[in-house]
Each structure stands twice: as structure tokens, then as C-alpha cells.
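Observations on the model geometry
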Amino acid sequence: MDAIDLKDKKILVVGGNGYLGTFLVKALQEIEANVFVMSRNCETTDFQFKVDITNFDETYKVIQKIQPDIVYHLAANITRNRDFAVYEKMASVNIQGTLNILKSLENIDAHFIFTSSSEIYGNNESPLNENQIPKPVSPYSLTKMSAEMLVKTFSENHNKKFTNLRVFNFYGENMPEEFFIPQMILSLKRGEDFLMTKGEQVRDFLYVGDVVEALILTAKNTDSYSKTMNVCSGKGTQLSQLASAVNKTMNTKAKIVLGAIPYRNNEVWEMIGDNSKIKNSIDFEPKVSIDEGIEIVINKS
């Protein structure tokens, strides 16, 4: 395993103004990397560039100006629903946008790190491992799978360094309320009952700080090159158990009502990742347990 010192390396974070991106940018700045951000939702400054990745000319111009050593591609159009009316719009960002970034790295020797999603596994049998054939169940997971294949095929054809990271469910403080855990916590904090399904689904949760650690280790280690790896804890938590733990920790009069809403069509019941590949390749192991993480979020939200 060859270690790469990220200090002073030019690192571009595409989608650096998103939830995960802000944590990653801060962590990279702390280790004195030379960080640049590309996002649709920012003002252009010395290190930030307002760019829509569906626009190739704009994307090419900025990337050629930066000449990055490492590119993290975190930007995505995320909609969890199963309605294919959203597919074209989603594909233009998640697939064509990814291709635009890859093509913009013309004559630049950069390590391209793509954040994919555990959702591409669909209803494969847990523990989910990188050798299983993906079974996407939504437009989102379908575009993520396509983008992954695009990154691999393009990079191999052009002799470029790449890593695909399949990130499992993560959570953390100040997370947008459309995500399950913050939705539940903020609802209880407001004294409102939280309505959910029976909560029989099992998920593999990671604290955001651990995800950032995995992203940084990927850039630091040459053993991550040309690999597709799960970023997960390897442990499953049933949503109903998670809900009762949150309810207990918060000591609120509001309660969580299990079975109040129906399950989605094509519901994925169990999603626990196998993290042996990332452990063996780059020595990544999560440090924050689900109980510790939930406590952090409750105290900081």
C-alpha cells in the first residue's frame, strides 16, 4: 500500500456545497489540502466555482483551469421515489454530468473518486458485496449504477485512475430533514408524533464522520485504484429498533407511531453491507457506533 500525502494536493470536490461535501471540504482543509469546490449552489470565489455539470463547456473550462490531482464527484440528483417521470432529468445530472466531468479531465492525471449508492444492490441477499450483480429498484439507483459503469469503462479506456465507492445509509448533525433519522429527531423535538412504517426494514448506518474518513483514505491509498468498494459498517439495524432507541434517548412526550404509513412498492427489506474489501484495501473501519452517532445528532440538532 503506497500512501499519498494530501497536503498541498489540488483536490476538487464536485458537489462540495452539499451535505456530505461540506464535511469533506472541512476535513480536507484541516489536513492542508488545496481544496476547490464546484457546485450549482454557490457564488464563484477564489476556490469555489458556480458550475452546472450538465453544461460541458462550463465544466471543462473550470476543471482545465484547476488541473486537479484528485476529483471527488459527490454531486447528484437524488429522488427516492419510483416514478420514471423523473428519469430524464436525473440521468442528465447523474450520468451525462458524470461523463462531462470525466471528459473535462483531458490530459490531466487525476484520481477520480465517485460516490455511488448502496441502493444499486436492490433486493440482493445481505450481506451485500461488490461481486453481486446490481438490481436497481428506482430511477435513482439505475442512474447511479449506469454512472458507476461509465466511470469504470471510461477510465479503463483512457488509462485513468478511478475508484467507485458504494456509500450506505449515513447520517449526522444538521442533516436536511427529508432524510429518515433527522426527520424523526426534529419531529420529536417539536413535540410532534412521528409516523412511519412498521419499521421491519434493516439498514446499515454510518456516521458522516466515518464516511468522510473513508473518502480521505481512498485518496491517500494507491490500493484503492480501479476498485469498487462498499462504504458501510457491516452491521444491520432494524428501523423500528432505531426508532425506539431515539424515542428513549430523547425523553419527549411525542411518540413514534409504527405502522402508520404503508411500505413502498419494491421495498428493500434488508441492506447490510460487507465491508471486508474496503477494510483489506485501505484499512477503513468505522469508529462511531450507531448509539454514539445518534447521541451526537440528538445533542447537536
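Below, the structure is looked at part by part. (Residues numbered from 1 in each chain as written. Predicted model: local features only at pLDDT ≥ 70, side-chain atom pairs only at ≥ 80, totals over all residues. Heavy atoms only, no water.)

1. Examining the overall build of the protein
Stated formally: Every helix listed is a DSSP run of H or I at least four residues long, and every strand listed is a run of E at least two residues long, numbered separately from the N terminus. Throughout, radius of gyration means the C-alpha value; the globule benchmark is 2.2 Å times the number of residues raised to the power 0.38. For every residue, the accessible area obtained with a 1.4 Å probe (protein chains only) is divided by the maximum for its type, and the residue is called buried under 20%, exposed over 50%, and partly exposed between those limits. Contacts are residue-level and defined by heavy atoms, with any inter-residue pair within 4.5 Å sufficient. Using a 1.4 Å probe, accessible areas were evaluated by the Shrake-Rupley method; residue-level cover was limited to the displayed protein chains. Note that His is not counted, nor are the chain ends; the positive residues are Lys and Arg, and the negative ones are Asp and Glu. Where a charge lies is defined by one atom per residue type: Lys uses NZ, Arg uses CZ, Asp uses CG and Glu uses CD.
What the protein contains, in helices and strands, is nine helices and 14 strands. Computed over the C-alpha atoms, the radius of gyration of the protein is 19 Å, within 12% of the 19 Å expected from 2.2 N^0.38 for a compact globule of 301 residues. Its C-alpha atoms put the protein at 60 × 40 × 35 Å along the principal axes. Taken over 301 residues, the protein has a buried fraction of 50%. A sequence separation of at least 24 residues applies to 79% of the contacts in the protein between residues at least 6 apart. Carbon together with sulfur atoms contributes 48% to the accessible area of the protein, which is approximately 14100 Å² in total. Seen as two clouds, the 33 positive and the 38 negative side-chain charges of the protein have centres 2 Å apart.

2. Digging into unusual backbone geometry
Cis rather than trans, the peptide bond between Ser 126 and Pro 127 has omega equal to 0°. With respect to the helices and strands, the residue Pro 127 is situated in the loop between β5 (111-117) and α4 (139-157). One non-glycine residue, Glu 32, lies in positive phi territory at about 65°. Note on placement: Glu 32 falls in the loop between α1 (19-30) and β2 (34-39). The exposure class of Glu 32 is partly exposed, given its relative accessible area of 47%.

3. Comments concerning the nonpolar core
The condition is simple: Within this scheme, the nonpolar core is defined by two criteria: the residues are buried Ala, Val, Leu, Ile, Met, Phe, Trp, Tyr or Cys, and they are joined through side-chain atoms within 4.5 Å.
One finds Val 13, Leu 24, Leu 28 and Tyr 72 to be the most contacted residues of the largest nonpolar core, which totals 52 residues. At eight residues, helix α6 (residues 208-220) tops the list of elements feeding residues into this core. Grouped together as the second largest cluster of nonpolar side chains are 24 residues, Val 14, Ile 53, Ile 63 and Phe 162 included.

4. Description of the packing of helix α5 (residues 180-189) against helix α7 (residues 239-250)
For clarity, the threshold we go by: A fitted line through C-alpha atoms serves as each axis, taken over the contacting stretch for helices, and the angle formed by two N-to-C directions is quoted from 0 to 180°. Left-handed describes a crossing whose near helix is turned anticlockwise from the far helix through less than a right angle; right-handed describes the clockwise counterpart. Note that Gly is not counted as nonpolar here; it falls among the polar residues with everything else outside the nonpolar set of Ala, Val, Leu, Ile, Met, Phe, Trp, Tyr, Cys and Pro and the charged set of Asp, Glu, Lys and Arg.
Between α5 and α7, whose axes approach to 11 Å, the crossing angle comes to 35°. As α5 runs across α7, the sense of the crossing is right-handed. Contacts from Phe 180, Ile 181, Met 184, Ile 185, Leu 188 and Lys 189 of α5 reach α7 at Leu 239, Leu 242, Ala 243, Val 246, Asn 247 and Met 250. Grouping the constituent residues of the contact of α5 with α7 by class yields 10 nonpolar, one polar and one charged.

5. A word on the sheet that holds β5
Where we set the bar: For two strands to be treated as a pair, DSSP must find at least two bridges joining them.
A sheet is described by the order of its strands in space; here seven strands give the open sequence β3-β2-β1-β4-β5-β6-β11, paired in parallel fashion. Only two strands of the sheet have a single partner each, and these edge strands are β3 (48-50) and β11 (227-231). Within this sheet the neighbouring strands show an average axis-to-axis angle of 20°, counted without direction.

6. What to know about the sheet that holds strand β12 (residues 237-238)
With mixed pairing, three strands are arranged side by side in an open sheet as β12-β9-β14. Each of the sheet's edge strands pairs with one partner strand only, and the pair in question is β12 and β14 (270-271).

7. Digging into the pattern of salt bridges
Using the following cut-off: A pair is scored as a salt bridge if a Lys or Arg side-chain nitrogen falls within 4 Å of a carboxyl oxygen belonging to Asp or Glu.
Scanning the model with the defined rule gives 13 salt bridges in all. For the salt bridge of Lys 300 with Glu 173, the shortest nitrogen-to-oxygen distance reads 3.8 Å. A residue pair is termed long-range when its members are at least 10 positions apart, and Lys 300 in helix α9 (residues 290-300) and Glu 173 in the loop between β7 (170-171) and α5 qualify at 127 residues. With a shortest N-O distance of 3.8 Å, Glu 213 and Lys 287 are connected by a salt bridge. Within this pair, whereas Glu 213 is found in helix α6, its partner Lys 287 is found in the loop between α8 (276-282) and α9, the two being separated by 74 residues in sequence. On the basis of relative accessibility, which here comes to 61%, the residue Lys 287 falls in the exposed class.

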